[in-house]
Amino acid sequence: MIDLEKANQEALSRLLAAQPLIVGMGIAKETVPGMKDKMLLHAGPPLTWETASGPIRGGVMAACMYEGWAKTPEEAEKLAASGAIAFDPCHHHHAVGPMAGIMSPSMPVFVLENRTHGNKAYVTMNEGLGKVLRMGAFGPEVIEHLQWMEKTLYPVLKAAIEHAVKKGEEPDVKNMIAQALHMGDELHNRNKAGTSLFLRTLAPHMVETCTNSAQLAEVFRFIDKTDHFFLNIAMAAGKASLEAAAGIEGSSMLTVMARNGTEFGLQVSGLGDRWFTCEAALPDVLLFPGFTREDTNRDIGDSAIMETYGVGGFALAAAPAIVQFIGGTPKDAANYTLEMYEITAGENSMFTIPALNFRGTPTGIDVLKVVETGITPVLDTGAAHKEPGKGQVGAGIVRMPMDAFLKAAEAFADKYLSE
Amino acid sequence: MKKLLKEGPKVVNIGVEQFYLDVKTQKAEAIVWDWKPPAASADLLARLKRIKGGN
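K.L.:
Would you take a moment to explain unusual backbone geometry for this structure?
P.N.:
Even without glycine at this site, Lys38(A) takes up a positive phi of about 55°. Of note, Lys38(A) is situated in the loop between helix H2 (28-31) and strand S2 (39-42).

If you want it as structure tokens, here you go:
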């Protein structure tokens, strides 16, 4: 018989001990393990073109044009449907991607290293809000912006990070997350403080390595107006930390939650890399003007890694201002956090919430507690239009669907009661 | 019963919120407890209890 408590505390302690740092940048095909030509990584559990949601399809079409594999959306759609492109979840490559989560071979990526355990994680740069690839948009402005990110933004950030690493000043993402929680972020839908801290940390290195002041000003301006720029980096920090907690025999703690716009999937530490999936939820969102609830796609994105990591919806009590973006009241936000303590293995030693007397965030979702209490994890998330090419429709709260947790709990019982 | 008719009911609603809202519309005193039946089967819950070392 397993010692469930001991196994979960081991998984939690590995998660809490993780020390994710930014150690470099590179081009995906040269940097991300297993990335190949004519391969696209996507958010969530595995999918096919036939089962892909609108935003995933739109993101794939944008990536095909960005890579030069297709000249028009029609050509891109035909190519994607032909089977000539391999689709694989980001999570199968130690990577994560927000919303559609599309990563193509030529895209620049951040490289994070968990200094405690030595594993690495990868993520693309955040594109900003509105009509962007990760929301399923594929217009000419989307492709031009991706090219700008590759040609203008990437070289500045890459040189600055390499400079920082050389001086032994690798940006400490865990520390930035801890500080951002004290500055009103919850690190899923509010990354204003995290983005500011990232820019403040890297700014001297950017100035010391970039001799083109116009280019540098463009980069500063872009990051300044992209409040979610830090989200991707924080997600990779979560991925690098949670991978260290995977594979603990007898642990019922989640190491992955992710959605692809069609399905929600999760992985459990003591059940290896097996996916447990069910239909993704429909987010209850505060809509941007001009959109209706019928426009909303099912829940999408690897950004659920933030709640798996112990922040995002689990740290809503730290972010009262976020209700202006996702709806509800500051009291609702605090209540969501308090509820999540019912389903976690413990409390965070580093991420604390001032409004809760600096209590650690609820951390380490226990699949068995979810099933026993009937309380499912709460996320505050962005929502994409269900049709390709339309972009974001709003942001709000969404509960992860119970069915995947039930399947995982059944498998957990099958495995550990037979031993 | 006389007290109930004289002072009006004080309602504890368990489960579906709409019943609580209906009572509140009548200006009666009421609280709601957000409760749902367990999603898991009795068999699964019993197996999970065994994993935790229960009977």
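K.L.:
Honestly, the sheet that holds strand S14 (residues 392-399) of chain A in this entry has me stumped. Any pointers?
P.N.:
Sheet strands pair via backbone hydrogen bonds, and the direction of the pair is either parallel or antiparallel. Residue and element names in this part refer to chain A. Ordered by their spatial adjacency, three strands build an open sheet running S9-S14-S13, and the pairing between neighbours is antiparallel. The two strands at the open ends of the sheet, each matched to only one other strand, are strand S9 (284-287) and strand S13 (378-384). In this sheet, neighbouring strand axes are inclined to one another by 25° on average, regardless of whether the strands run parallel or antiparallel. When S9 meets S14, the two strands line up antiparallel, connected through four bridges.

K.L.:
Looking at this model, I keep getting lost on the interface of chain B and chain A. Mind explaining?
P.N.:
Note: interface size is frequently given as the accessible area lost on complex formation between the parts. Tallying the contact residues gives 11 residues for chain B and 13 residues for chain A. Looking at the side of chain B that touches chain A residue by residue, the class counts come to seven nonpolar, no polar and four charged.

K.L.:
Even after reading the chapter, I still don't get the nonpolar core, so can you show me in this structure?
P.N.:
The tendency in soluble globular proteins is for nonpolar side chains to be buried as a group. Residue and element names in this part refer to chain A. In this structure, Ala 236, Ala 315 and Val 367 are the most contacted members of the largest nonpolar core, which totals 144 residues. No other element matches the 10 residues that helix H9 (residues 229-243) contributes to this core. Residues from two domains meet in this core; each of domain 1 (18-236) and domain 2 (246-417) gives at least three. Look past the residues within four positions of Ala 315 in its chain and what remains in contact with it is Leu 181, Glu 186, Leu 187, Thr 337, Phe 351, Ile 353 and Thr 361.

K.L.:
Sorry if this is basic, but what is going on with the sheet that holds strand S4 (residues 108-114) of chain A here?
P.N.:
Residues and elements named next belong to chain A. Pairing in this open sheet of three strands is antiparallel, and the strands run S1-S4-S5 from one edge to the other. The open sheet is flanked by strand S1 (20-27) and strand S5 (120-124), the only strands paired with a single partner. For this sheet, the mean angle separating the axes of adjacent strands, direction not counted, is 30°. Of the strand pairs in this sheet, S4 and S5 are connected by five bridges, and their pairing is antiparallel. Note that in S5 the partner of Val 109 across the bridge is Thr 124.

K.L.:
Help me understand the confidence of the model for chain B in this model?
P.N.:
Residue and element names in this part refer to chain B. Per-residue confidence for chain B gives a mean pLDDT of 86; residues scoring 70 or more make up 96%. Within chain B, helix H3 (residues 42-51) carries the highest mean pLDDT (94), whereas helix H1 (residues 2-7) carries the lowest (80). Across the predicted assembly, pTM comes out at 0.94 and ipTM at 0.86.

K.L.:
What's the story with the packing of helix H5 (residues 140-166) of chain A against helix H7 (residues 192-209) of chain A in this structure? I'm lost.
P.N.:
When two helices pack together, their arrangement is given by the angle between their axes and by how far apart the axes lie. Residue and element names in this part refer to chain A. Between H5 and H7, the shortest axis-to-axis distance is 8 Å and the interhelical angle comes to 105°. Our classification of the angle between H5 and H7 gives roughly perpendicular. Across the interface between the two elements, Val 156, Ala 159, Ala 160, His 163 and Ala 164 from H5 touch Leu 202, His 205, Met 206, Glu 208 and Thr 209 from H7.

K.L.:
Can you help me understand helix H12 (residues 330-340) of chain A in this one?
P.N.:
Two residues of an α-helix separated by three or four positions point the same way, owing to the 3.6 residues in each turn. By the burial criterion, the buried members of H12(A) are Ala333(A), Tyr336(A), Thr337(A) and Met340(A). In an axial view of H12(A), the angular spread of the buried residues amounts to 95°, which keeps them on one side of the axis.

Rules behind the numbers
- Residue numbers run consecutively from 1 along every chain, following the written order of its sequence.
- Chains and ligands are labelled by the order in which they are written, letters from A for the one and numbers from 1 for the other.
- Local features are withheld for residues below a pLDDT of 70 in this predicted model, meaning they are given only at 70 or higher, and side-chain atom pairs are given and counted only at 80 or more; totals for whole chains, interfaces and linings count all residues.
- Secondary structure counts use DSSP, requiring at least four H or I residues in a row for a helix and at least two E residues in a row for a strand, with both numbered from the N terminus.
- DSSP calls a pair of strands paired once it identifies at least 2 bridges connecting them.
- For helices, the axis comes from a line fit to the C-alpha atoms of the stretch in contact; other axes are also lines fit to C-alpha atoms, and the angle between any two N-to-C directions lies between 0 and 180 degrees.
- Contacts here follow a simple rule: the backbone-placed C-beta atoms of the two residues must lie within 7 Å.
- Think of it as three bins: nonpolar holds Ala, Val, Leu, Ile, Met, Phe, Trp, Tyr, Cys and Pro, charged holds Asp, Glu, Lys and Arg, and polar takes everything else, Gly as well.
- A set of buried Ala, Val, Leu, Ile, Met, Phe, Trp, Tyr and Cys residues, joined to one another through C-beta atoms within 7 Å, is what we call a nonpolar core.
- Counting other C-beta atoms within 10 Å of a residue's C-beta gives its exposure: the residue is buried at 20 or more, exposed at 12 or fewer, and partly exposed in between, where C-beta atoms are placed from the backbone.
- Where each domain starts and ends comes from a domain assignment, either automatic or drawn from a database.
- Confidence scores per residue from the predictor, reported as pLDDT, run from 0 to 100.
- To sort the angles, those under 35 degrees are grouped as roughly parallel, those over 145 as roughly antiparallel, those from 65 to 115 as roughly perpendicular, and the leftovers as oblique.
- It is the directions from the helix axis to the C-beta atoms whose arc is reported.

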